[in-house]
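# Topology and contacts: notes
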Amino acid sequence: MSDYHRPPGKTTIAPEVLITIARMSALSVPGVSAMAAIPGGVDRFFRRGINEGIRLTIHEGVVAGDLYIIVKDNVNIREVGRNVQQQVARAIQEMVGMDVVQLDVHIENIEYEGAEG
């Protein structure tokens, strides 16, 4: 092994960084149209990531979360959901080095091409 010793100190990562990584990873999956608003009760206004469609929980260096997405029409919704889980978990693990134990994907809507919003 090497004689290299890490200097004293620590690195901290803001929760917003994890939310950004999760959002960018989810949106990069083919078939994902956008992030959806997080449904919920009164306490939803006090949660981080409310506007991004992402709710993450970090406990003892381990990440779990919920991703709320809108998918494009004519896609396999189940496959898109699995791909979102895999992409987001891999991105967090590779970029931040944190383990992801659970990511629940909630398909909130389907965006139909040519539909008026």
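Residues numbered from 1 in each chain as written. Predicted model: local features only at pLDDT ≥ 70, side-chain atom pairs only at ≥ 80, totals over all residues. Heavy atoms only, no water.

## What to know about unusual backbone geometry
Selection rule: Helix and strand definitions follow DSSP, with helices as H or I runs of at least four residues and strands as E runs of at least two, each counted in order from the N terminus. Type-normalised accessible area, obtained with a 1.4 Å probe on protein chains alone, sets the label of each residue: buried when under 20%, exposed when over 50%, and partly exposed for intermediate values.
One non-glycine residue with positive phi stands out, namely Glu60, at about 55°. Its location among the elements puts Glu60 in the loop between strand S2 (54-59) and strand S3 (62-72). Residue Glu60 is classed as exposed on the basis of its relative accessible area of 72%. Within the chain, Asn74 stands out as a residue other than glycine whose phi angle is a positive 60°. Here Asn74 shows up in the loop between S3 and helix H2 (77-96).

## Digging into the confidence of the model for the chain
Threshold: Every residue gets a pLDDT, meaning the predictor's confidence in that residue, from 0 to 100.
Looking at the chain as a whole, the pLDDT averages 86, with 84% of positions reaching at least 70. Across the chain, the secondary-structure element scoring lowest on mean pLDDT is S2, at 92, and the one scoring highest is H2, at 97.

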